[in-house]
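# Structural overview
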Amino acid sequence: MTEQERKQNQFKRQNEFNRDNYDRYSVMFPKGKKEVYKELAEARGHTLNGLINALLDAEFKKSPIDSQPSK
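Remember, predicted model here, so these are calculated numbers, not experimental data. (Residues numbered from 1 in each chain as written. Predicted model: local features only at pLDDT ≥ 70, side-chain atom pairs only at ≥ 80, totals over all residues. Heavy atoms only, no water.)

Turning to the overall build of the protein, a few remarks are in order. Counting secondary structure elements, the protein contains 3 helices and 0 strands. The order of helices and strands in the protein, counted from the N terminus, is α-α-α. Taking 71 residues into account, the globule formula puts the C-alpha radius of gyration at 11 Å, and the protein, at 18 Å, lies well above it. For the C-alpha atoms alone, the extent of the protein along its principal axes is close to 55 × 35 × 25 Å. The 71 residues of the protein split such that 4% are buried. Element-wise, carbon and sulfur atoms account for 52% of the exposed surface of the protein, whose accessible area totals about 7,100 Å². Here the protein holds 14 positive side-chain charges and 11 negative ones, and the gap between their average locations is 3 Å. (Helix = DSSP H or I, 4+ residues; strand = E, 2+ residues; numbered from the N terminus. Rg over C-alpha atoms; globule rule 2.2 N^0.38 Å. Buried < 20%, exposed > 50% of the residue type's maximum accessible area, 1.4 Å probe, protein only. Areas by Shrake-Rupley, 256 points an atom, 1.4 Å probe, with all protein chains shown as cover. Lys, Arg positive; Asp, Glu negative; His and termini not counted. Charge placed at Lys NZ, Arg CZ, Asp CG, Glu CD.)

Let's shift gears to the layout of surface pockets. Counted as a void, the largest pocket has a volume near 430 Å³. Looking at the largest pocket, the residues that line it are Asn 18, Arg 19, Tyr 22, Asp 23, Arg 24, Tyr 25, Val 27, Asn 49, Ile 52, Asn 53 and Leu 56. Broken down by secondary-structure element, the contributors of at least two residues to the lining of the largest pocket are helix H1 (3-21) and helix H3 (48-62). The class makeup of the residues in the lining of the largest pocket is 5 nonpolar, 3 polar and 3 charged. Within this model, the second largest pocket holds a volume of roughly 170 Å³. Along the walls of the second largest pocket sit Val 27, Phe 29, Lys 34, Lys 38, Glu 42, His 46, Thr 47, Leu 48, Asn 49 and Ile 52, which together make up its complete lining. Put simply, the parts of the chain that give the lining of the second largest pocket at least two residues each are helix H2 (33-43) and H3. (1 Å grid on protein atoms, 1.4 Å probe; cavity = no way out; pocket = protein on both sides within 12 Å on 5 of 7 lines; lining within 4 Å. Points joined across faces, edges and corners; volume = space filled by probe spheres on them. Nonpolar A, V, L, I, M, F, W, Y, C, P; charged D, E, K, R; others polar.)

Written as structure tokens, this is what we have:
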């Protein structure tokens, strides 16, 4: 197996793992804000994705969706 084939197989396995274990959601920020948010995340010891997840988890703990009245 060549090095290129090995890398292709590795990418395939990673993509399969991600597809099976994660949901994907795209977020858009105003121009220039991404870097500001990324710096904030790094200052708090997170990646930008990690910070977004932590903030959403903290918000959910304050007010779980299940306790909200149906609309």
